[in-house]
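The residues making up each chain are set out below.
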Amino acid sequence: MSRRAASFAGIAGPIGFLTTAFVLSILRHDLIVTQGWRGWPSSMALGGPPGIPMICAFLWLAGCYTVFSLGALRPALRVRAAWVAFLAIAAGDALLAFPTDAPDTATTWHGSLHLAGVLLTTVATLVAAAGVTVATHRRPGWHVWRLTLPVPFLAAAVGAAAGFDSGWAKVIYVVGITLPAAVVGGLLLRDAVSGARSG
């Protein structure tokens, strides 16, 4: 796979995931009414067959990040903290595909795996953000990333401060730790295209 295609996976993953999550929140508004936004987007995977699209969205994100990590980040940035952390994010997203436990129900094995995915994804995202920053601090044209860098850290702080139980905080957390990857993918895609033209 070309570096351009792998870079595009870094954009398509988070955009596709968030689009699916928000569309499902409209189509399955009954879950938002009964559980609120605090369970979003994981609550969209509940309910048997209607939850399959959200499960697929988590797996889509995991697959895209794997391709992005190995096909774009590793050859372009070469800083292990960046591309290995994205592989860890992919592993966390795969764990998130296991349905969470519904509110006021007993803890299940798949709910425990889902919670482990939340923790792994959050920590790995912050490590990846730092790794990308280290790898690109002398690269021209990456000032957009340096402006984006605080976003995942602030999102994680907001989620942690609210205990991930507040609806507005949960939305900020999910969007804030997911969307910055698309910025990295976009910048790598730009560099790959400009490099191909100059070559």
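Residues numbered from 1 in each chain as written. Predicted model: local features only at pLDDT ≥ 70, side-chain atom pairs only at ≥ 80, totals over all residues. Heavy atoms only, no water.

Caption draft 1: A look at the overall build of the protein. Tallying secondary structure elements over the protein gives nine helices and zero strands in all. Sequence-ordered secondary structure for the protein, helices as α and strands as β, is α-α-α-α-α-α-α-α-α. For 199 residues, the compact-globule estimate of 2.2 N^0.38 gives 16 Å, and the C-alpha radius of gyration of the protein, at 17 Å, lies within 12% of that figure. With the C-alpha coordinates of the protein rotated into their principal frame, the extents come out at 55 × 35 × 30 Å. Going through the 199 residues of the protein one by one, you find that 44% of them count as buried. In the protein, the share of contacts with a sequence separation of at least 24, taken over all contacts with a separation of at least 6, comes to 65%. Just so you have it, the protein exposes about 9400 Å², and 71% of that area is on carbon and sulfur atoms. Across the protein, the centroid of the 13 positively charged side chains sits 23 Å from that of the 6 negatively charged ones. (Helix = DSSP H or I, 4+ residues; strand = E, 2+ residues; numbered from the N terminus. Rg over C-alpha atoms; globule rule 2.2 N^0.38 Å. Buried < 20%, exposed > 50% of the residue type's maximum accessible area, 1.4 Å probe, protein only. Contact = heavy atoms within 4.5 Å. Areas by Shrake-Rupley, 256 points an atom, 1.4 Å probe, with all protein chains shown as cover. Lys, Arg positive; Asp, Glu negative; His and termini not counted. Charge placed at Lys NZ, Arg CZ, Asp CG, Glu CD.)

Caption draft 2: Structural context of the side chain of Q35. The residue Q35 is located in helix α2 (residues 29–35) in this model. For Q35, the contacting residues outside a window of four places in its chain are S43, L46 and P103.

Caption draft 3: A look at the environment of L27. With respect to the element layout, L27 can be found in helix α1 (residues 3–27). Its relative accessible area of 65% is what places L27 among the exposed residues. Between the alpha carbons of L27 and P50 there is a distance of 9.9 Å; along the sequence they are 23 residues apart.

Caption draft 4: The arrangement of the environment of R146 in detail. Structurally, R146 is set in helix α6 (residues 143–148). Distance in space between the C-alpha atoms of R146 and R38 is 29 Å, their sequence separation being 108 residues. One polar contact links the side chain of R146 to the main-chain carbonyl oxygen of T136, over a distance of 3.1 Å. (Polar contact = N/O pair within 3.5 Å; in protein donor to acceptor, adjacent residues only side chain to side chain.)

Caption draft 5: View of helix α8 (residues 167–178). Compared with the 16 Å implied by 1.5 Å per residue over twelve residues, the 17 Å span of α8 between its first and last C-alpha is a close match. Inspection of α8 places A169, K170, Y173, V174, G176, I177 and T178 among the buried residues, and these make up the whole buried set. (Expected span 1.5 Å × (residues − 1).)

Caption draft 6: Structural context of the pattern of salt bridges. This model, assessed by the stated rule, comprises one salt bridge. The salt bridge involving R190 is made with D191; its shortest N-O contact spans 2.9 Å. Judged by its relative accessible area of 34%, R190 falls in the partly exposed class. (Salt bridge = Lys/Arg side-chain N within 4 Å of Asp/Glu carboxyl O.)

Caption draft 7: Fine view of the nonpolar core. Counting residues in each nonpolar core, the largest one holds 44 residues, and the members touching the most others are F17, M54, L73, F86, V184 and L188. Of all the secondary-structure elements, those providing two or more residues to this core are α1, α2, α3 (52–77), α4 (80–96), α5 (109–136), α8 and α9 (180–198). Looking at this core, the element that brings in the most residues is α3, giving eleven residues. Beyond its immediate chain neighbours, meaning those up to four positions away, M54 contacts F17, A21, L24, P41, M44 and A45. (Core = buried A, V, L, I, M, F, W, Y, C linked by side-chain atoms within 4.5 Å.)

Caption draft 8: Looking closely at unusual backbone geometry. A cis amide bond links W40 to the next residue, P41, at an omega of 0°. With respect to the element layout, P41 can be found in the loop between α2 and α3. The phi dihedral of R78 is positive, around 65°, even though this residue is not glycine. Mapped onto the fold, R78 is located in the loop between α3 and α4.

Caption draft 9: Geometry of the packing of α1 against α3. Following both chains from N to C, one finds α1 and α3 inclined at 160°, their axes separated by 7 Å at the closest point. If you check the angle between α1 and α3, you find them roughly antiparallel. α1 and α3 meet at a crossing whose hand is left-handed. Along the lines of polarity and charge, the residues of the contact of α1 with α3 split into 20 nonpolar, six polar and one charged. (Axes fitted to C-alpha atoms, helices over the stretch in contact; angles between N-to-C directions. Parallel < 35°, antiparallel > 145°, perpendicular 65-115°, else oblique. Left-handed = near helix turned anticlockwise from the far one by under 90°. Nonpolar A, V, L, I, M, F, W, Y, C, P; charged D, E, K, R; others polar.)

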